[in-house]
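Take a look at the letters that make up each chain.
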Amino acid sequence: MRLTKLGHACVQITKDDRTVVIDPGTFSGASGALAAADAVLITHEHFDHFDADALRAAMAERPSLEVWTSRVVAENLADLGGRVHQVGHGDAVTVAGFDVHVYGEDHEIMHPDLPPIPNVGFMLDGEVFHPGDALTVPSEPVPTLCLPGNAPWMKAVDLYEYTRAVNPGRAYAIHDGLLNDIGLDVMNRVLTGAAKELGKEFTRLAPGASADLARP
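Values in this document were obtained by computation on a predicted structure and should not be read as measured data.

Here is what the cut-offs are and how they apply
All residue numbers refer to position in the chain's written sequence, counted from 1. Two thresholds apply to this predicted model, a pLDDT of at least 70 for residue-level local features and 80 or more for giving and counting side-chain atom pairs, whereas whole-chain, interface and lining totals are computed over all residues. Side-chain metrics in this entry use all non-hydrogen atoms of the structure; hydrogen atoms and water are not considered. Surface patches are drawn from residues lacking salt bridges whose relative accessible area is over 30%; two like charges belong together within 9 Å, two nonpolar side chains (Val, Leu, Ile, Met, Phe, Trp, Tyr) within 5 Å. Computed with a 1.4 Å probe, the accessible areas rest on the Shrake-Rupley method; for each residue, only the protein chains presented here act as cover. One side-chain nitrogen of Lys or Arg within 4 Å of one carboxyl oxygen of Asp or Glu is enough to make a salt bridge. Secondary structure counts use DSSP, requiring at least four H or I residues in a row for a helix and at least two E residues in a row for a strand, with both numbered from the N terminus. For every residue, the accessible area (1.4 Å probe, protein chains only) is compared with the maximum for its type, and the residue is labelled buried under 20%, exposed over 50%, or partly exposed between those bounds. What the arc describes is the spread of directions from the helix axis to the C-beta atoms. Whether two residues are in contact is decided by their heavy atoms, any of which lying within 4.5 Å being enough. Within 3.5 Å is the distance limit for a polar contact, defined as a pair of N or O atoms, with the added protein rule that one can donate a hydrogen and the other accept it, and that residues adjacent in sequence qualify only through two side-chain atoms. In short, DSSP must find at least two bridges between two strands for them to pair. Every axis corresponds to a line fitted to the C-alpha atoms, with the helix fit spanning only the stretch in contact, and the corresponding angles, defined between N-to-C directions, vary from 0 to 180 degrees. In what follows, roughly perpendicular refers to angles from 65 to 115 degrees, roughly parallel to angles under 35, roughly antiparallel to angles over 145, and oblique to any angle outside these ranges. In this scheme, a crossing is called left-handed if the near helix is turned counterclockwise away from the far one by less than a right angle; it is called right-handed if the turn is clockwise. Just so you know the grouping, Ala, Val, Leu, Ile, Met, Phe, Trp, Tyr, Cys and Pro go in nonpolar, Asp, Glu, Lys and Arg go in charged, and all remaining residues, Gly too, go in polar.

It is worth spelling out a nonpolar patch on the surface at this point. There is a patch of nonpolar side chains on the surface, built from Phe27, Phe47 and Leu178 and spanning about 310 Å² of accessible area. One can find phenylalanine 27 in the loop between strand 3 (18-22) and helix 1 (30-34).

Structure (C-alpha cells):
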C-alpha cells in the first residue's frame, strides 16, 4: 500500500491496481486528484475537503466512479443516486477493494454558538486513518495516521494530545494548506516534539510526495 499526498488534506491510497482518493478539495487540485481515482471518500462538506464541481465533472466523465461520505455531502450529491453512499460512525464497507471502517461523528468546534457539522473519518485496511477535521481516536490500532498539522480549530497542544491518544506507528502531517514557509517550519517543530515524546517519527509529506506503508 502506498500513500501519496496530493495537497492540503487530500491523500491518495494505492494498493495493487486500485486507488482511493480522500478529501479532494479546492486546495488540492481536485480535478487532477480525481483523475486516477477508483473511488472517493469525503469526510465533510468544507470546500478544502470537498470540491463539488470537480467531483461532479469527474463522475459525469466516468460513470463507474462512486463516493462514500458524510450525511451533508451525500445530501448535496443526492441527484447522483446510488453512486453516492452515506456512511456514519461504526460502519464497515468495502470500497474499491479496500476494507473501510468509519469513525467519528462531528467536526471540531469552529464557532462557540454553532453546532458542529458532521465529519466522518476513514480507516483503510486497518493500516491508514484519515480523521478529516476531527481529533477522532479509533477503537483499533492506527499503524499510519494522516495527522492534521494546522487548522483554525486546532492548537499545538491539540496535536500533542491527539498523537498521545492515538499513539500511531507513524504519522504524516496533512491539512497544512493555510501555512506559509514560516508556519510550515513551526508545524514541523511541533511534529518533531510530538514524535520525540512517543519515540516515533512523524513527518510532513510535500504535495506529490509518497510513502510506502509496508509494515516492517
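Let us look at the pattern of salt bridges. A full pass over the atoms with the stated rule returns ten salt bridges. Of the charged contacts, one joins arginine 71 and glutamate 75 as a salt bridge, the two residues approaching to 3.5 Å between their closest N and O atoms. Taken together, the residues span about one helical turn, with arginine 71 and glutamate 75 both in helix 3 (residues 71-76) at a distance of four residues.

Our next topic: helix 2 (residues 52-61). For helix 2, every residue scored as buried is listed here: Ala54, Leu55, Ala58 and Met59. Projected down its long axis, helix 2 shows its buried positions confined to an angular sector of 130 degrees, all on one face. Of the exposed residues in helix 2, those oriented more than 90 degrees away from the buried face are Asp53, Ala60 and Glu61. Looking at the buried positions of helix 2, the neighbouring elements they touch are helix 1, strand 4 (39-42), strand 5 (66-69) and strand 6 (84-86). The N-terminus of helix 2 is capped by aspartate 51, whose side-chain oxygen sits 3.3 Å from the backbone nitrogen of aspartate 53.

A few words on the sheet that holds strand 10 (residues 128-130). Taken in spatial order, the seven strands line up as 7-8-9-10-11-12-13 in an open sheet, and their pairing is mixed. Since the sheet does not close on itself, it has two edges, and those belong to strand 7 (92-95) and strand 13 (202-204), each with one partner. Sheet twist, expressed as the average angle between the axes of neighbouring strands with direction ignored, equals 25 degrees. In this sheet, strand 13 lies alongside strand 12 (residues 170-174) in parallel orientation, the contact comprising three bridges.

Moving on, we come to the packing of helix 4 (residues 156-166) against helix 5 (residues 181-198). Describing two packed helices takes the angle between their axes plus the distance from one axis to the other. Two elements in contact, helix 4 and helix 5, have axes whose closest approach is 10 Å; the angle formed by their N-to-C orientations is 30 degrees. Of the possible angle classes, the one that applies to helix 4 and helix 5 is roughly parallel. With respect to the hand of their crossing, helix 4 and helix 5 are arranged in right-handed fashion. When helix 4 is examined against helix 5, the residues Ala156, Leu159, Tyr160, Thr163 and Arg164 are found in contact with a partner set consisting of Val190, Leu191, Gly193, Ala194, Glu197 and Leu198. Here the contact of helix 4 with helix 5 is built from residues that sort into seven nonpolar, two polar and two charged.

Here the focus is the side chain of threonine 144. Mapped onto the elements, threonine 144 comes out in strand 11 (residues 144-148). Within the local environment of threonine 144, its side chain forms a polar contact with the side chain of arginine 170, the two groups lying 2.8 Å apart.

Okay, the side chain of aspartate 48 next. The topology assignment puts aspartate 48 in the loop between strand 4 and helix 2. Side chain to side chain, aspartate 48 and histidine 175 meet in a polar contact 3.4 Å long. Once residues lying within four places of it in the same chain are set aside, the contact partners of aspartate 48 are His8, Asp23, Gly25, Thr26, Phe27 and His175.

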